[in-house]
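# Geometric and topological summary
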Amino acid sequence: WPKDVGILALEVYFPAQYVDQTDLEKFNNVEAGKYTVGLGQTRMGFCSVQEDINSLCLTVVQRLMERTKLPWDAVGRLEVGTETIIDKSKAVKTVLMELFQDSGNTDIEGIDTTNACYGGTASLFNAANWMESSYWDGRYALVVCGDIAVYPNGNARPTGGAGAVAMLIGPKAPLVLEQGLRGTHMENVYDFYKPNLASEYPLVDGKLSIQCYMRALDRCYAAYRKKIQNQWKQAGNNQSFTLDDVQYMIFHTPFCKMVQKSLARLMFNDFLSSSGDTQNNLYKGLEAFRGLKLEETYTNKEVDKAILKASLDMFNKKTKASLYLSTNNGNMYTSSLYGCLASLLSQHSAQELAGSRIGAFSYGSGLAASFFSFRVAKDASPGSPLEKLVSSVSDLPKRLDSRRRMSPEEFTDIMNQREQFYHKVNFSPPGDTNNLFPGTWYLERVDEMHRRKYARRP
Ligand code: CAA
């Protein structure tokens, strides 16, 4: 099999407009700090009525292919992870085939994968599995994940966002998927789901969704730890795995505060599995909770407070940098975790990252979740694959700052228009395409047969 399969290149797309969360707090008449401190969100990106899931994915793939200068026939597999479904049958992947038309390359496996925010991770696993199988034909895989995260007026609305990430998967990658190390938890719950096909909005039980996320995190972490410890044991090492063995930790990010609590929770997992007589200073203030079972603590405010305090330093070192895009753009569902990866790379130098392990937790409501990890290449020299990958995302803060700030009134108006135009036929979305970033694909027309036509802004 090819060696060191993982991420070779990565591209992020987000809309050219945002609403400020402080403005939203005032507009929604909630206490100052509820969204900015309580949820940890600064700005929220949102799409114009000219954008849909197909246009987002067209843009991010086009950008990745142009930047890497790969010929279109170098791709043998393309997977899309999304939960933004505008057609119950026709995959986003089939729309993306339009980009490959001139190259004549139609021999491209892969279709869409859907389960809430987990589809991107399932696609990544599929691509890696293909590459490590007898079906691999020597070409690259593309993994595309994207979503438009929108909620009706109410307490979930500030946890929206939108964006897409495309990843080039191949051997000898600077970010290698660690083999044999996936801890997964799946179960049947109704925490967030989309039964209403006539609306873009999900049904969500916010408090339940948070508990489900935390339970999945606990279970996936336990499964991952077991697998890595087994690998170590076979190599003659009886050590226990803890967060010390992970230099960076990224999470699916519905809102940033949730991620800070999640890192704290992983530390709490380490604490509960450590021996009672530990002198570890890290766990200072936690001894009172020694006898508790994880399941008893999901709504325990005392535990929450103590573990957040104990893990603050660790959060600042291992996770905070990965939240740059999330706090400035919001939830991107399937692409959220990979946006965190891009943020992490954009906030560190290749030298800092070289040789490290990045732990990753992916969560999709309903629910499907996995804990897995990347090993970063050791070579960070100029021109190395790692250095190229890191420098390719270094403009992320600048790009985020170049977006237009919209008022909550304008945001609400566009949300109302999206509701009105959803599934409309014989229709061209209104709006000035000059408001999109240059090179962005947009929806030009939906004909009477629901066929969608896209164009690209020069
Ligand atoms: N200053 C500082 N903090 C404040 C504050 C203020 N003035 N006012 C409130 N807060 C704090 C609260 O104390 C609370 O923090 P703690 O949980 O640490 O106590 C936080 O702000 C949020 O306040 P509420 O709990 O009152 O918020 P809410 O109930 O109105 O809504 C929500 C929060 C449930 C997350 C809601 O936004 C929601 O339903 N969002 C969508 C669902 C979601 O994101 N779920 C996450 C897990 S599921 C998942 O991950 C999949 C996915 O992508 C959707």
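About the thresholds
- Residues numbered from 1 in each chain as written.
- Predicted model: local features only at pLDDT ≥ 70, side-chain atom pairs only at ≥ 80, totals over all residues.
- Heavy atoms only, no water.
- Near = heavy atom within 4 Å.
- Polar contact = N/O pair within 3.5 Å; in protein donor to acceptor, adjacent residues only side chain to side chain.
- Helix = DSSP H or I, 4+ residues; strand = E, 2+ residues; numbered from the N terminus.
- Patch = residues over 30% accessible without salt bridge, like charges linked within 9 Å, V, L, I, M, F, W, Y side chains within 5 Å.
- Areas by Shrake-Rupley, 256 points an atom, 1.4 Å probe, with all protein chains shown as cover.
- Salt bridge = Lys/Arg side-chain N within 4 Å of Asp/Glu carboxyl O.
- Phe/Tyr/Trp six-rings, centres within 6.5 Å; stacked < 30°, edge-to-face > 60°.
- Buried < 20%, exposed > 50% of the residue type's maximum accessible area, 1.4 Å probe, protein only.
- Pairing = 2+ DSSP bridges.
- Contact = heavy atoms within 4.5 Å.
- Axes fitted to C-alpha atoms, helices over the stretch in contact; angles between N-to-C directions.
- Disulfide = S-S within 2.5 Å.
- Parallel < 35°, antiparallel > 145°, perpendicular 65-115°, else oblique.
- Left-handed = near helix turned anticlockwise from the far one by under 90°.
- Nonpolar A, V, L, I, M, F, W, Y, C, P; charged D, E, K, R; others polar.

## Some thoughts on the site of the ligand
- Neighbouring residues of the ligand: 27 residues in total, closest Lys34, Lys207, Ser209, His252 and Lys261.
- Glycine 33 is positioned with one of its backbone polar atoms (N or O) 3.5 Å from a nitrogen atom of the ligand.
- Serine 209 is positioned with one of its side-chain polar atoms (N or O) 2.8 Å from a nitrogen atom of the ligand.
- For the shell around the ligand, the secondary structure elements donating two or more residues are helix H2 (34–38) and helix H6 (206–234).
- The element contributing the most residues to the shell around the ligand is H6, with four residues.

## Here's the deal with a nonpolar patch on the surface
- Taken together, Tyr190, Tyr193 and Leu203 make up a surface patch of nonpolar side chains, about 320 Å² in accessible area.
- By the element assignment, leucine 203 lies in strand S10 (residues 203–204).

## Brief notes about the packing of aromatic side chains
- Evaluation of the coordinates by the stated rule reveals 19 aromatic pairs.
- Taking 5.4 Å as the distance between ring centres and 65° as the angle between the ring planes, the aromatic pair formed by tyrosine 224 and phenylalanine 241 counts as edge-to-face. Of this pair, tyrosine 224 sits in helix H6 while phenylalanine 241 sits in the loop between H6 and strand S11 (248–251), placing them 17 residues apart in sequence. Phenylalanine 241 carries the same exposure label as tyrosine 224, and that label is buried.

## Side note on the sheet that holds strand S12 (residues 357–364)
- Pairing is mixed in the open sheet, where nine strands are placed in the order S5-S4-S6-S7-S1-S8-S13-S12-S11. Two strands bound the open sheet, and with one partner strand each, they are strand S5 (112–113) and S11.
- Bridge count between strand S4 (residues 75–81) and strand S6 (residues 140–149): six bridges; the pairing is parallel. The residue of S6 that forms the bridge with leucine 78 is leucine 142.
- Running at roughly 125° to strand S8 (residues 175–186), H6 makes contact with S8, S11, S12 and strand S13 (368–376) of the sheet.

## Observations concerning the sheet that holds strand S2 (residues 17–20)
- Pairing in this open sheet of three strands is mixed, and the strands run S3-S2-S14 from one edge to the other. Of all the strands in the sheet, just strand S3 (43–45) and strand S14 (404–406) have a single pairing partner and so form its edges. Within this sheet the neighbouring strands show an average axis-to-axis angle of 40°, counted without direction.
- As judged from the three bridges shared by S2 and S14, these two strands associate in the parallel manner. Directly across from valine 19, in S14, lies its bridge partner methionine 406.

## Some words on the pattern of salt bridges
- Counting across every chain of the model gives 22 salt bridges.
- The partner of glutamate 11 in a salt bridge is arginine 67, and the shortest N-O contact between them spans 2.8 Å. Note that glutamate 11 is positioned in strand S1 (residues 6–13) and arginine 67 in helix H3 (residues 53–68), a separation of 56 residues in sequence.
- The exposure class of glutamate 11 is buried, given its relative accessible area of 5%.
- Classification of arginine 67 as partly exposed rests on a relative accessible area of 32%.
- Across the salt bridge formed by arginine 77 and glutamate 109, the nearest N and O atoms sit 2.5 Å from each other. Remark: glutamate 109 occurs in the loop between helix H4 (92–100) and S5 and arginine 77 occurs in strand S4; sequence separation between them is 32 residues.
- Overlapping salt bridges bring together Glu11, Arg63 and Arg67 as one network.

## Section: the state of the cysteines
- On inspection of all chains with the given rule, the structure shows zero disulfides.
- Cysteine 220 forms no disulfide, and the closest cysteine sulfur to it belongs to cysteine 212, at a distance of 12 Å.
- Classification of cysteine 220 as buried rests on a relative accessible area of 0%.
- The cysteine cysteine 256 is free of any disulfide, with cysteine 340 supplying the nearest cysteine sulfur at 7.4 Å.

## Concerning the packing of H3 against H4
- Packing of H3 against H4 leaves a shortest axis separation of 10 Å and a crossing angle of 45°. With respect to H4, the axis of H3 lies oblique. Note that H3 runs across H4; the crossing there is right-handed. Contact with H3, carried on its side by Ile53, Asn54, Cys57, Leu58, Val61 and Gln62, involves Val92, Val95, Leu96 and Leu99 of H4 and no other residues of that element.
- In terms of residue class, the contact of H3 with H4 is built from eight nonpolar, two polar and no charged.

## Here's the deal with the side chain of threonine 59
- Mapped onto the secondary structure, threonine 59 falls in helix H3.
- Engagement of the side chain of threonine 59 in a polar contact is seen with the backbone oxygen of serine 55, the distance being 2.9 Å.
- A distance of 2.9 Å separates a polar atom in the side chain of threonine 59 from the backbone nitrogen of tryptophan 441.
- Threonine 59 has contacts with Tyr13, Gly439, Thr440 and Trp441, leaving out every residue within four places of it along the chain.

## A word on the environment of asparagine 28
- With respect to the helices and strands, asparagine 28 occurs in the loop between helix H1 (21–27) and H2.
- A C-alpha to C-alpha distance of 8.6 Å links asparagine 28 and glycine 154, two positions 126 residues apart in sequence.

## A short note on unusual backbone geometry
- In the segment running from glycine 366 into leucine 367, the intervening peptide bond is cis, with an omega of 15°.
- With respect to the helices, strands and loops of the structure, leucine 367 is situated in the loop between S12 and S13.
- Even without glycine at this site, tyrosine 333 takes up a positive phi of about 45°.
- Relative to the helices and strands, tyrosine 333 resides in the loop between helix H10 (324–329) and helix H11 (336–347).
- Although it is not a glycine, histidine 423 sits at a positive phi angle of roughly 65°.

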